[in-house]
Amino acid sequence: MVRVSIEGFKPEVDRDQYPIEFVKTHSLLKLKETRDSVTVGTCSPVSAVVMEELKNYHGKKIRFFLVDKSELSAWLGSRLSDITLRSPSEAVYLNHHTRLLIDKLETDAPTVNLVNSILIEGIRREVSDIHIEVDAEATVVRYRIDGQLQTIHRLTQERFNGISSRIKVMANLNIMERRLPQDGRITVHLDSDVFDIRVSIIPIVDGESIVLRLFNKKRKPLNIDQLGLQGDALIRMKSLYHRTQGLVLVTGPTGSGKTTTLNAVLRELRSESLKIVSIEDPVEYITDGVDQIQTNEKIGLTFDTILKRVLRQDPNIIMVGEIRDLQTAELAVRAALTGHLVFSTLHTKDSVSVVTRLKNMGIEGYLISAVLKGALAQRLVRKICDKCRVKKKIGHAERMLLRRYGLDADFLFQGKGCERCNGTGFNGRTGIFELFVSNEEIEAIIASDRREYEVREFLLLRGMERLVIDGLKKACSGVTTVGEVERVAEE
Ligand SMILES: [Zn+2]
């Protein structure tokens, strides 16, 4: 191998350089990269494994040159002092590894700075997740705000690899891996808040799809009165969860606010005299007074295995994050039959279909009728921004829709768009609900072999308010729009 001087190449310090740990471990660094080849400087012969890794990473020809060990140390030294001077928090990261302080960050290292600013901006705007993808033309960064994805940055295509590597380093992932999906997490401290960021990276045809899900550990959770449950529904919901045993289910698709609702219920029920246990995936809010358990499939801690153990401790109230399979369903039903109050969620389209769903999983009708005390179906709709809300004329289609459900209005509302809502006319979200509470008559119907629509008809006749009607009433009172209700509650 030909010996060269690092000095002569002036390799990039941060941008497009391998992560510092990689440089240190393998005593090699990237000297130069062109469209079809990479020049790597190394202090000793490179092992076949590392050579393979580099080939996969770059996907182009690699030339190796020998560099002096002392010169590499000097280069590393200057790099570290450089960063310490320019970016105190980066130095903290290098020292502690597990903890990232990004609030006081001031650095001109372009990629580090860019990733930090994407995170900080996302946190400030209270996004639920950040999507970063690369296509044939650009690197696209999108935020999900109030359930809707919005493009925030369009960057050059070349920025993507740096961003991806930086996120992998932060999440302790293998930065050389570009062919297999990887999952990790990052803990970020910003002001006095702590954020748990779930990182998911999946290879796609043009590169990778990166999704960061943000969880604010210190976020103030909503109370039961702040969910959007109103009047009679709220009273009946309270009557449901103040029982001492039975099964209460919340249903809806992913991202419909089920966890927020159950969390509000548990917060209401907390008391010194009750033992409350929750099994969650992931733990989204920290709730004092509740023993919260995080599932971990990698080590065999699934909903059913944890629930089995929890039952031996004989708690009063159990929350199971989700019923996905027969094992979990059976355990939840058994717990509810033996003196526990059990809350859980199911993926079904409305409240009544929980019965069909449980039957399809293999639970007998008579057991369901014995334990099921009620089910709440919910969706989230965007709220009209109250800074720019105005009355609007009611359209023909809107009037017809309202009339179909026995409603009417002289006018409706919309957001004009202002600074507060980024011109969208919406700010925040609220729930729309459909609640059924069981009684002896309904228990008999569930235990019989009646069809789902028959059960539904029966409940509607007895005054159960449909999801769409709850939503349309909220549109009439100016909370949301008819369009929002139609979007989430298609009948
Ligand atoms: Zn507004």
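Numbering of residues starts from 1 in every chain and runs along the sequence as written. With pLDDT at 70 or above as the cut-off, local features in this predicted model cover only qualifying residues; side-chain atom pairs require 80 or more to be listed or tallied, and sums for whole chains, interfaces and linings still use all residues. Excluded from the side-chain calculations are hydrogens and water; all other atoms, namely the structure's heavy atoms, are used.

**Let's talk about the state of the cysteines**
What counts as a disulfide here is a pair of cysteine sulfur atoms lying within 2.5 Å. Enumeration according to the criterion identifies 0 disulfides in this entry. In this structure Cys476 is a free cysteine whose sulfur lies 20 Å from that of Cys388, the closest cysteine sulfur available.

**Digging into the domain arrangement of the protein chain**
Domain boundaries assigned for the protein chain yield domain 1 (6–82), domain 2 (89–216) and domain 3 (224–488). Where each domain begins and ends is defined by an automated method or by a domain database. Between domain 1 and domain 3, the C-alpha centre-to-centre distance is 55 Å.

**Concerning the packing of aromatic side chains**
Each Phe, Tyr or Trp ring (for Trp, its six-membered ring) is paired with any other whose centre lies within 6.5 Å, and the angle between the two planes then decides the class: stacked below 30 degrees, edge-to-face above 60, tilted in between. On inspection of all chains with the given rule, the structure shows 2 aromatic pairs. A ring pair is formed by Phe411 and Phe413, whose centres lie 5.7 Å apart and whose planes are at 80°; its orientation type is edge-to-face. Exposure categories follow from relative accessible area, calculated using a 1.4 Å probe and restricted to protein chains: below 20% of the type maximum is buried, above 50% is exposed, and the middle band is partly exposed. For Phe411, a relative accessible area of 32% puts it in the partly exposed group. By relative accessible area, Phe413 is classed as buried at 15%. Criterion for a charge above a ring: Arg CZ or Lys NZ at most 6 Å from the ring centre, at most 35 degrees from the ring normal. Geometry around Phe426 places Arg382 over its ring, the cationic atom sitting 4.1 Å from the centre.

**Brief notes about unusual backbone geometry**
The amide bond that connects Asp281 to the next residue, Pro282, takes the cis arrangement and shows omega of -5°. By definition, any uninterrupted DSSP run of H or I lasting at least four residues is a helix, any uninterrupted run of E lasting at least two residues is a strand, and each is numbered from the N terminus. Along the chain, the position of Pro282 falls in the loop between β12 (276–280) and β13 (291–294). Despite not being glycine, Glu126 shows a phi value in the positive range, around 55°. Tracing the backbone through its elements, the reader meets Glu126 in the loop between α6 (110–124) and β5 (129–134). The class of Glu126 is exposed, set by a relative accessible area of 69%. Even without a glycine there, the phi angle at Asn422 is positive, about 55°. Checked against the element boundaries, Asn422 lands in the loop between β18 (411–415) and β19 (426–437). Residue Asn422 is classed as exposed on the basis of its relative accessible area of 51%.

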